[in-house]
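# Report on the structure
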Amino acid sequence: NNSILLFGAAVGNESVEPEELIAYELGYRILLNERSSLDLTTFYNDYSNLVTTNTIPAQDPIINGTEAESYGFEVAANHFVTYDWQLKTSYTYFDLDMDVDAPDNQDLLPYDHVTANHKAAIHSYYSINEQWDWNSSIFYTDSRNTKTPNQAGIRTSSYTRLDSGLNW
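The structure reproduced in this document is the subject of the present report. The shown structure was predicted, so the numbers you read here are calculated from the model rather than taken from an experiment. (Residues numbered from 1 in each chain as written. Predicted model: local features only at pLDDT ≥ 70, side-chain atom pairs only at ≥ 80, totals over all residues. Heavy atoms only, no water.)

Looking now at unusual backbone geometry. Positive phi, normally seen in glycine, also occurs at asparagine 49, with a value near 60°. You can see asparagine 49 is positioned in strand S2 (residues 36–53). (Helix = DSSP H or I, 4+ residues; strand = E, 2+ residues; numbered from the N terminus.)

The full count for this structure, using the stated rule, is 5 aromatic pairs. Here the aromatic cluster, defined as three or more aromatic residues joined through ring pairs, consists of Phe73, Tyr91 and Tyr93. (Phe/Tyr/Trp six-rings, centres within 6.5 Å; stacked < 30°, edge-to-face > 60°.)

Residue position: asparagine 117 is located in the loop between strand S4 (85–100) and strand S5 (118–127). A relative accessible area of 18% places asparagine 117 in the buried class. Considering only alpha carbons, one finds asparagine 117 and tyrosine 93, 24 residues apart in sequence, at a separation of 5.4 Å. A polar contact of 2.7 Å, which involves the side chain of asparagine 117, links it to the backbone oxygen of phenylalanine 94. (Buried < 20%, exposed > 50% of the residue type's maximum accessible area, 1.4 Å probe, protein only. Polar contact = N/O pair within 3.5 Å; in protein donor to acceptor, adjacent residues only side chain to side chain.)

This is the structure we're talking about:
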């Protein structure tokens, strides 16, 4: 008889407030001709009451301990090469700045560089016939560094990913 014994705990804090986000976005689409368009977008996000884990002993483990802001822009282009073939490309710049309310928690929360600042993509959508499509995408993401004030950080190298699929 093999028995497995599992233990667990659910911990909460009734005084935790909902996370809040105020987002601003401004965009503009330019029709270059009947086959091509260009999109320009900029954004700013203001986060408050972000829920974090409190590492200070004898205090509530779940708290609203972080504020953050993110901002950036995106440039995207769309072009119909033929009626059956469409190309899309995009570039995004994204920056995240976090402010941890409790200084004792800063050593466990990776921030400021947890997301890549630069991302780019090219997508190809080709309709072979009424039943078959061939779609391919190539993505680039720059490096990330999960450095915190009290840690050396873990570096994720930049990478390129290729996806391709034949759809029926």
